[in-house]
Amino acid sequence: MLKYKSENKKFARNLRKNSTPWERKLWYLFLKDYKIRFNRQKPIGNYIVDFYCSKAGIIIELDGSQHYSDRQIIYDKERTDYFKSLNLKVIRIINSDIDFKFREVCNYIENEINKRIDKN
């Protein structure tokens, strides 16, 4: 079981209730009924990730335009490095790909899951 900052539990619940259109689309059209379980807005350490699959050790992060500022790039790298230290793979997907390349995004996620599960 991954440890997390207890204060983040309430914040994560609020994020689930107020998810972005891209998070809702990926969740309801793909991840919610996926063959292995995913969690939405999962607290891990001091962070909250968009989607997490414990069986595959995969985190999916959806990135909007705010992720391209210098400050956010540094913050995202720190998060990714932390998750890598826990042997978790971070998949970053830009929101526009959810809009315009949804099937390709789903195939990419499935391929990454299969790689991680086959490796174990």
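Residues numbered from 1 in each chain as written. Predicted model: local features only at pLDDT ≥ 70, side-chain atom pairs only at ≥ 80, totals over all residues. Heavy atoms only, no water.

1. What about the pattern of salt bridges?
Here comes step 1: In total, this model carries seven salt bridges according to the counting rule given.
Here comes step 2: Between Arg79 and Glu61 there is a salt bridge, with the nearest N and O atoms lying 2.5 Å from each other. In this pair, Arg79 is assigned in helix H3 (residues 70-85) and Glu61 in strand S3 (residues 58-63), connecting sequence segments 18 residues apart.
Here comes step 3: For Arg79, a relative accessible area of 6% gives the class buried.
Here comes step 4: The exposure class of Glu61 is buried, given its relative accessible area of 5%.
Here comes step 5: Here Arg92 ties to Asp76 by a salt bridge, and the two come within 3.1 Å at their closest N and O atoms. Remark: Asp76 occurs in helix H3 and Arg92 occurs in strand S4 (residues 89-94); sequence separation between them is 16 residues.
Here comes step 6: Among the charged side chains, a network of salt bridges with common partners joins Asp63, Asp76 and Arg92. (Salt bridge = Lys/Arg side-chain N within 4 Å of Asp/Glu carboxyl O. Helix = DSSP H or I, 4+ residues; strand = E, 2+ residues; numbered from the N terminus. Buried < 20%, exposed > 50% of the residue type's maximum accessible area, 1.4 Å probe, protein only.)

2. A few points about the sheet that holds S3
Here comes step 1: Ordered by their spatial adjacency, four strands build an open sheet running S1-S2-S3-S4, and the pairing between neighbours is mixed. For this open sheet the edge positions go to strand S1 (39-44) and S4, each flanked by a neighbour on one side alone. The mean inter-strand angle of the sheet, taken between neighbouring strand axes irrespective of direction, is 45 degrees.
Here comes step 2: Direction of pairing for strand S2 (residues 47-53) relative to S3: antiparallel, over a ladder of three bridges. Each residue of the ladder has a partner; that of Phe51, found in S3, is Ile60.
Here comes step 3: Contacts from H3 reach S1, S2, S3 and S4, with the element oriented near 55 degrees to S2. (Pairing = 2+ DSSP bridges. Axes fitted to C-alpha atoms, helices over the stretch in contact; angles between N-to-C directions. Contact = heavy atoms within 4.5 Å.)

3. Considerations on the packing of aromatic side chains
Here comes step 1: This structure, assessed with the given rule, holds seven aromatic pairs.
Here comes step 2: Note on Tyr47 and Tyr75: the rings are 6.0 Å apart at their centroids and 65 degrees apart in plane angle, and the pair reads as edge-to-face. Taken together, the residues Tyr47 in strand S2 and Tyr75 in helix H3 connect sequence positions 28 residues apart.
Here comes step 3: Note on Tyr47: relative accessible area 15%, which makes it buried.
Here comes step 4: Residue classification places Tyr75 among the partly exposed residues on the basis of a relative accessible area of 36%.
Here comes step 5: With a centroid separation of 5.6 Å and an interplanar angle of 70 degrees, the aromatic rings of Tyr47 and Phe83 are classed as edge-to-face. Residue Tyr47 is located in strand S2, and its partner Phe83 is located in helix H3; the two are separated by 36 residues in the primary sequence.
Here comes step 6: By relative accessible area, Phe83 is classed as buried at 1%. (Phe/Tyr/Trp six-rings, centres within 6.5 Å; stacked < 30°, edge-to-face > 60°.)

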